[in-house]
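The residues making up each chain are set out below.
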Amino acid sequence: MARPFRCPKCGSHDYAIVLTGCNLTNATLEEMLTWDEEQQDYVSGGSVVVDSEGMENEGATAVCAECEEDVTEAVRQYEASQEPATEA
Ligand SMILES: [Zn+2]
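Residues numbered from 1 in each chain as written. Predicted model: local features only at pLDDT ≥ 70, side-chain atom pairs only at ≥ 80, totals over all residues.

**Notes on the overall build of the protein**
Here's step 1: Assigned secondary structure in the protein consists of one helix and six strands.
Here's step 2: In terms of overall size, the protein is more extended than a compact globule, its C-alpha atoms giving a radius of gyration of 17 Å where 88 residues would be expected to give roughly 12 Å.
Here's step 3: Dimensions along the principal axes, computed over C-alpha positions, put the protein at roughly 55 × 35 × 25 Å.
Here's step 4: Sorting the 88 residues of the protein into buried and exposed places 7% on the buried side.
Here's step 5: The contacts in the protein between residues at least 6 apart in sequence include a share of 64% that link residues at least 24 apart. (Helix = DSSP H or I, 4+ residues; strand = E, 2+ residues; numbered from the N terminus. Rg over C-alpha atoms; globule rule 2.2 N^0.38 Å. Buried ≥ 20, exposed ≤ 12 C-beta atoms within 10 Å, placed from the backbone. Contact = placed C-beta atoms within 7 Å.)

The structure is reproduced here in structure tokens:
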């Protein structure tokens, strides 16, 4: 059973990971388009990598979904604590 990540600032469990400087091999990307009534135009939610054969990236940043605080270090510690101690 996994424990959820908790933002050190606001306590939210939701966060986004932003990867920069990616080299993608044979990737599938998905772009979500939402109709904006006021602007009478589509708004792009950005491209999301659905699948790829290989990915190298220079840096990953984690951002809290609630307060938009940089939680990179907290997520790194959380992920390290989630690693199974020993496989039996
Ligand atoms: Zn937060």
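**Digging into the pairing of strand β4 (residues 41–51)**
Here's step 1: Among the eleven residues in β4, zero count as buried, and that is only a small part of the element.
Here's step 2: When strand β3 (residues 28–36) meets β4, the two strands line up antiparallel, connected through eight bridges. When the sheet's bridge partners are listed, L29 is paired in β4 with V49.
Here's step 3: From the end of β3 to the start of β4, which pair antiparallel, there are four residues, and Q40 there has a positive phi angle of about 50°. (Pairing = 2+ DSSP bridges.)

**Here we look at the domain arrangement of the protein**
Here's step 1: Per the domain assignment, the segments making up the protein are domain 1 (1–21 + 60–83) and domain 2 (26–56).
Here's step 2: The C-alpha centroid of domain 2 is placed 22 Å from the C-alpha centroid of domain 1. (Domains from an automatic or database assignment.)

**Notes on the confidence of the model for the protein**
Here's step 1: The share of residues in the protein with pLDDT of 70 or more is 94%, and the mean pLDDT across the chain is 89.
Here's step 2: Per-element confidence in the protein is highest for β3, whose mean pLDDT is 93, and lowest for strand β5 (residues 54–56), whose mean pLDDT is 82. (pLDDT = per-residue confidence, 0-100.)

**Concerning the environment of F5**
Here's step 1: Within the secondary structure layout, F5 lies in the segment before β1 (15–20).
Here's step 2: Residues F5 and Y15 lie ten residues apart in sequence; the distance between their C-alpha atoms is 8.4 Å.
Here's step 3: Setting aside residues up to four positions removed in sequence, F5 forms contacts with H13, Y15, V75 and Y78.

**Concerning the nonpolar core**
Here's step 1: Within the largest apolar cluster, six residues are counted, these being F5, C7, Y15, A62, C64 and V71.
Here's step 2: With near-sequence residues (within four places) excluded, C7 lies in contact with S12, Y15, C64, E66, C67, E69 and V71. (Core = buried A, V, L, I, M, F, W, Y, C linked by C-beta atoms within 7 Å.)

**Details of unusual backbone geometry**
Here's step 1: A positive phi angle is found at N26, which is not glycine, with a value near 50°.
Here's step 2: As for its placement among the helices and strands, N26 is situated in the loop between β2 (23–25) and β3.
Here's step 3: Note on N26: 8 C-beta atoms within 10 Å, which makes it exposed.

**Quick notes on the environment of M32**
Here's step 1: For M32, the position within the fold is in strand β3.
Here's step 2: Residue M32 is classed as exposed on the basis of its 11 C-beta neighbours within 10 Å.
Here's step 3: Taking the C-alpha atoms as reference, M32 lies 9.6 Å from Y42; in sequence the two are ten residues apart.

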